[in-house]
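# What the coordinates show
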Amino acid sequence: MATPDYTPFVFLLLLFQSGVWGVPVCQTPQESPTCGYKSCHATKPGMLNVHLVPHTHDDVGWLKTVDQYFYGDRNDIQHAGVQYILDSVVDQLLKNPDRRFIYVETAFFYRWWKQQTDDMQNTVKQLVNEGRLEFVNGGWCMSDEATTHYSAVIDQMTMGLRFLNDTFGHCGRPRVAWHIDPFGHAREHASMFAQMGYDGFFFGRLDYQDRNRRMVAREQEMLWRASESLTPPMADLFTGILPNGYNPPEGFCWDQSCDDPPIRDDPDLEDYNVDDVALVYKTNHIIMTMGSDFQYENANLWYKNLDKLIRYVNQMQSNGSEVNVLYSTPSCYLQELHRANLTWPLKGDDFFPYADSAHDFWTGYFTSRPALKRYERISNSYLQTCKQLEVLGGPISRKGPFGAGDSETLKKAMAVAQHHDAVSGTEKQHVANDYARKLANGWAHCQVLVSNTLSSLSGSSAPRVYCEHLNISVCPLTETSKKFSVNVYNPLARPVSWPVRLPVNGTAYSISDAKGKAVDSQVVPVSQATAAVRRGRGYAVNELLFQVQAPPLGYSTYSVSLLQNGPPSPPSPLPRAPTAVQNKFLRVTFDPETGLLSSLSNLETQQTVKLSQNFYWYNASDGNNSESIQMSGAYIFRPNTSTPFIISKTAKIETLQNSVVQEVRQWFSPWVSQVVRLYTDSRALELEWTVGPVPIGDDLGKEVISRLDSSINSSGVFYTDSNGREVLQRRKDYRPTWNLRQSEPIAGNYYPINSRAYIKDDKDQLTVVTDRSQGGGSIQDGSLEIMLHRRLLYDDVRGVGEPLNETSDIYPEGLVVRGRHLLSLSPPATAADTHRPLAQEVVLQPLITFTDGELHPSTRLEFSGLQAVLPPAVHLLTVSQWDQDTVLLRLEHQYQASESKEHSQPVTVNLQKLFSTLDMLGVSEMNLSANQWKDEMTRLDWKKPLPKRGGDPSVWEVSLKPMEIRTFLLRVRQR
């Protein structure tokens, strides 16, 4: 077919004028003739073209913190200074117009750019406009793909791409996604990249068996069909595997950190045969990554030798050589593959799990640093709430009665936290601490903004208190105050009912809602497990329990008054007889002999499954002092036996039963406990687990799991989500792409669980919703195990250089981690109707704040930022201030095609009738990353032209199909 037009696609302009219907009109600048695909060097059709891609891989934190990496501090840990890399590269690019360089991590480039003079900035703009400096990927970081949630990935990509757009215009827009280092690749990431307008995707790591098969079959490049719901090729993405990971070929590393000899004037170039590489690719083009971690600090070394390499190899053409070497970029290489006009193999699954040899499965990091993983997930909820309240509050949110607040600090901290050595848990301990500090600082900035907005909306100037340790029953205000109010902000676009547990010292309280109606409440004693983990950070002896309701994108206020002081009523031991707890939806039974779960029933659907749950640990391989044996570490999970050790066959239990909640508190050992909770109006059973400090006095590293064993006939199949969105089928000892030779029966069957996993048969589906990213598998039929905590004594020799042995000032003997699993039992045909909204509630949980004393009578006790509740299938993914008068809005259809008879249907939303505090003046649709107008986004087609989507009913009424995310820039006026 004809070669398509390679005209670079025009970036959006943030300044627009009012057009027809009040819709912003995009002003498109004249295209530069030399950036993008038109800046590529000519290739030679009859030859093998070797595309040399000079690059550096700059981790946004790993062995050093992001600040240390930028400034070149702590070179005793690792010699790396990003500011010097960029200084040196720009200097060398100016010396030869043929030279090329790509840069990836916008977090570093942004910081460097802010330090440059106007003259230097203009020089760099010229390099970008001429295609000599090209940005690839372009997110704030190169995100992890196993442990990140899609909403946070979209946010960090949007932030990085917006900076490039604002700074360089359309020549700064990356055409290629570039994930050369993440440890496995998620299908949802490919789907997002396609919807962001990328033409292709290149990565470095995949399973060694998969790579070997692809090399033989010449399937190193493929078309990745990354969604089962979106109409092809909306989520199709051309994907290529790099031949050397992301390193240069052996013998061709000319960085100051390398030992390879430079090219002499009469070089011997026969030691490396490019023909060997060409044999495993389909075209007469191959790509060579010339660079590696933090290289090009002295770029002259690289470019001087690359200039010689290109000159000498190409001189051989006069003697009959058919090899042509050229400076190139990933997009130029991609262009040549597109021009080849071939048919490419199709892939529909993902690239998990990743192993680099028979016993080295990178499945441990799915769980590594579980406390940081939870804090990152909570911080995402904080950030979405902060951005929403910035929009709803208007200018006063950023400068109000409580001072100057902002969302930018938390945006940047969250963006950095998505890095593939951040939330992944694969960094050094001091770096993990730094990520957490940055998140805490970002939330402190947001708290001022939130307080300003809630003060403005409620009309109350009372100071607002934030209690961030409610999960261990610590809140100084509620522990001491006799009268206080509880404000519950709901970031979802539908009403929520949420259980509140507050640390108190009284035994009876009166609670009234926003309408003055009395609310049922109960006081129960703080559990022994909670008292043990507080370590002097609170002294409440009781917990006040009640259920709250909050309107969509709004808040509701509850008034609490102390009625009675006194000692708590002790919980009663469960009788030695068959016991059960139940509400109107679920019934749970316990074995009277063991104290363990024995069954779960859905009373609405008349389903019952046998169900037991217990805790186990795998003994981490320690190598037995042999360097030849792979050990478990931050990255790798390698148990030394396929049978885990049970922590206890029985649990000591006590029960609490009242009108708000029924609890069975289980003690398995001094370091493992659990509370099984069933709230009165809940369709999910809560298992709140507490694990740690994991004992290592026996010199054994331990990897702790919770395992559910059921009567479900799952036939070796289970299901996990991809980055919190679409669900993929997993089969034991099987890969869809190749005939697996399984060498690790446990670690080789572990997959990332970002928000949910389930097993099912024809009748029953048991779904577990998690509160953070974890690893898990279904090793036996009817079984689902999820790894909760890891404490290891050895490094796994993958670069981090220290064992995953977390301690802290509060827990010097080892970290204690607490979390929740929410269980639901449903018929498979309707299971998504429960787990989809439930998972969103866990990701975007209500924000609870407090004010002391009596509220002023004029205080507005309830507010909703929406005019009406959105349809159940629609999730309000993003509400964020873009510019002074513009708001970025993302609406998402949260159901997959065919997973819900009721909700897997197209749905329409009226944008003009969305917000209660904003008047809509104009709307324009963007691509997913908000760096192009949707109607101008054109991608290279790979023999499958993009179908035209059906029209919307009107400019304001937009329709959403299953799994579709639509992004809009709204021009608004505050009411």
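Residues numbered from 1 in each chain as written. Predicted model: local features only at pLDDT ≥ 70, side-chain atom pairs only at ≥ 80, totals over all residues. Heavy atoms only, no water.

In the annotation of an unreviewed UniProt entry, the protein is listed under the name Alpha-mannosidase and assigned to Oncorhynchus kisutch. The UniProt entry for the protein carries this comment under Sequence similarities (unreviewed entry): "Belongs to the glycosyl hydrolase 38 family." (UniProt positions renumbered as here; feature names shortened; annotations may be inferred.)

Secondary structure summary: the protein contains 16 helices and 47 strands in total. Taken against the 2.2 N^0.38 rule, which gives 30 Å for 975 residues, the C-alpha radius of gyration of the protein at 29 Å falls within 12% of a compact globule. Considered along the principal axes of its C-alpha atoms, the protein spans approximately 95 × 70 × 55 Å. Each of the 975 residues in the protein was classed as buried or not, and the buried ones make up 65%. Long-range contacts, defined here as pairs at least 24 residues apart, represent 76% of the contacts in the protein between residues at least 6 apart. Of the roughly 34,000 Å² that the protein leaves accessible, carbon and sulfur atoms contribute 50%. (Helix = DSSP H or I, 4+ residues; strand = E, 2+ residues; numbered from the N terminus. Rg over C-alpha atoms; globule rule 2.2 N^0.38 Å. Buried < 20%, exposed > 50% of the residue type's maximum accessible area, 1.4 Å probe, protein only. Contact = heavy atoms within 4.5 Å. Areas by Shrake-Rupley, 256 points an atom, 1.4 Å probe, with all protein chains shown as cover.)

The full count for this structure, using the stated rule, is 53 salt bridges. Close ionic contact of R683 with E604 constitutes a salt bridge, the shortest N to O distance being 2.9 Å. A residue pair is termed long-range when its members are at least 10 positions apart, and R683 in the loop between β29 (672-679) and β30 (685-691) and E604 in the loop between β24 (597-602) and β25 (607-619) qualify at 79 residues. On the basis of relative accessible area, R683 is assigned to the partly exposed category, the value being 42%. Given the relative accessible area of 45%, E604 is considered partly exposed. A salt bridge links E686 to R820; the nearest nitrogen and oxygen atoms lie 3.1 Å apart. Residue E686 is located in strand β30, and its partner R820 is located in strand β39 (residues 817-826); the two are separated by 134 residues in the primary sequence. (Salt bridge = Lys/Arg side-chain N within 4 Å of Asp/Glu carboxyl O.)

Cysteine pairs can be covalently joined through their sulfur atoms, and such a bond is termed a disulfide. Counted by the stated rule, this structure contains five disulfides. What pairs with C40 in a disulfide is C332, and their sulfur atoms sit 2.0 Å apart. Note on the C40 and C332 pair: the S-S dihedral is about -90°, so by sign convention the disulfide is left-handed. Linking C40 in the loop between β2 (24-25) and β3 (48-54) with C332 in helix α10 (residues 330-339), this pair joins segments that are 292 residues apart in sequence. The class for C40 is buried, based on a relative accessible area of 18%. Covalently, C467 is tied to C475 through a disulfide, its sulfur atoms 2.0 Å apart. (Disulfide = S-S within 2.5 Å.)

The strand order across the open sheet built from five strands is β6-β7-β9-β8-β12, with neighbouring strands paired in mixed fashion. Unpaired on one side and paired on the other, β6 (176-179) and β12 (346-347) mark the two borders of the sheet. In this fold helix α6 (residues 187-195) packs onto β6, β7 (200-203), β8 (221-225) and β9 (236-241), with an angle of close to 115° to the strand it touches most, β9. (Pairing = 2+ DSSP bridges. Axes fitted to C-alpha atoms, helices over the stretch in contact; angles between N-to-C directions.)

Okay, the packing of helix α3 (residues 106-114) against helix α5 (residues 150-168) next. Running from N to C, α3 and α5 cross one another at 40°; their axes reach a closest spacing of 10 Å. In terms of axis orientation, α3 runs oblique to α5. Considering the relative orientation of α3 and α5, their crossing is left-handed. Here α3 contributes T106, F109, Y110 and W113 to the contact with α5, which in turn contributes G160, F163, L164, T167 and F168. Grouping the amino acids of the contact of α3 with α5 by side-chain chemistry returns six nonpolar, three polar and no charged. (Parallel < 35°, antiparallel > 145°, perpendicular 65-115°, else oblique. Left-handed = near helix turned anticlockwise from the far one by under 90°. Nonpolar A, V, L, I, M, F, W, Y, C, P; charged D, E, K, R; others polar.)

A few words on the side chain of D513. Turning to its location among the elements, D513 is positioned in the loop between β18 (506-512) and β19 (521-525). Within the structure, the side chain of D513 is placed 2.9 Å from the backbone nitrogen of K515, a separation counted as a polar contact. Residues within four places of D513 in sequence aside, it is in contact with V519, T557 and Y558. (Polar contact = N/O pair within 3.5 Å; in protein donor to acceptor, adjacent residues only side chain to side chain.)

Interaxial distance between α3 and helix α4 (residues 118-129) falls to 10 Å at its minimum, and their mutual angle equals 135°. Classified by the angle between their axes, α3 and α4 sit oblique to one another. Two secondary-structure elements touch here, α3 through F109, W112 and W113 and α4 through M120, Q121, V124 and K125. For the contact of α3 with α4, the class distribution of residues is five nonpolar, one polar and one charged.

Each strand in a sheet pairs with its neighbour through backbone hydrogen bonds, running either in the same direction (parallel) or in the opposite one (antiparallel). Ordered in space as β42-β43-β47-β45, the four strands form an open sheet in which the pairing is antiparallel. Looking at strand neighbours, the two that pair on one side only are β42 (874-883) and β45 (918-926), the edges of this open sheet. Taking the axes of each pair of neighbouring strands and ignoring which way they run, one obtains an average angle of 25° across the sheet. Bridging between β42 and strand β43 (residues 886-893) involves eight bridges; their strand directions are antiparallel. Following the sheet pairing, V874 is matched in β43 by H893. Sheet strands touched by helix α11 (residues 370-393): β42, β43, β45 and β47 (965-974). Its angle to β42, the strand with the most contacts, is close to 60°.

For the coordinates displayed, the defined rule picks out 48 aromatic pairs. When the ring of F183 is compared with that of W362, the centres are 5.3 Å apart and the planes differ by 40°; the resulting orientation is tilted. With a gap of 179 residues between them, F183 in the loop between β6 and α6 and W362 in the loop between β12 and α11 connect regions that are remote in the sequence. The pair F183 / W362 is uniform in exposure class, with both members buried. With 6.4 Å between their ring centres and 20° between their planes, F201 and W224 make a pair best called stacked. Within this pair, whereas F201 is found in strand β7, its partner W224 is found in strand β8, the two being separated by 23 residues in sequence. (Phe/Tyr/Trp six-rings, centres within 6.5 Å; stacked < 30°, edge-to-face > 60°.)

Burial within β42 is extensive, with nine of its ten residues counted as buried. Counting the residues in the hairpin turn of β42 and β43 gives two residues.

Moving on to the nonpolar core. Among the nonpolar cores identified, the biggest contains 136 residues, and F109, Y296, L306 and L685 are the most heavily contacted of them. A total of eight residues in this core trace back to one element, the largest contributor, which is helix α9 (residues 299-315). With sequence-adjacent residues up to four places away left out, F109 is seen in contact with L86, Y103, V124, L133, F135, F163 and F168. Counting 48 residues, the second largest nonpolar core, distinct from the first, contains L392, A417, L553 and W956. (Core = buried A, V, L, I, M, F, W, Y, C linked by side-chain atoms within 4.5 Å.)

Right, let's get into empty space enclosed by the protein. Which parts of space are left empty comes out when a probe the size of a water molecule is rolled across the atoms. One pass over the full model with this rule turns up eleven cavities of 30 Å³ or more. When its volume is computed, the largest cavity comes out at roughly 70 Å³. Lining the largest cavity are 13 residues; nearest its centre among them are G36, E134, C171, R173 and R175. For the lining of the largest cavity, the element with the highest residue contribution is strand β5 (residues 133-135), accounting for three residues. The residue makeup of the lining of the largest cavity, split by class, is six nonpolar, four polar and three charged. (1 Å grid on protein atoms, 1.4 Å probe; cavity = no way out; pocket = protein on both sides within 12 Å on 5 of 7 lines; lining within 4 Å. Points joined across faces, edges and corners; volume = space filled by probe spheres on them.)

Moving on, we come to helix α12 (residues 408-417). Across the ten residues of α12, seven count as buried, placing the element largely inside the fold. Turning to α12, its buried residues number three or more, namely L410, K411, A413, M414, A415, V416 and A417. In this structure, the buried residues of α12 make contact with α5, α11, α13 (429-458) and β42.

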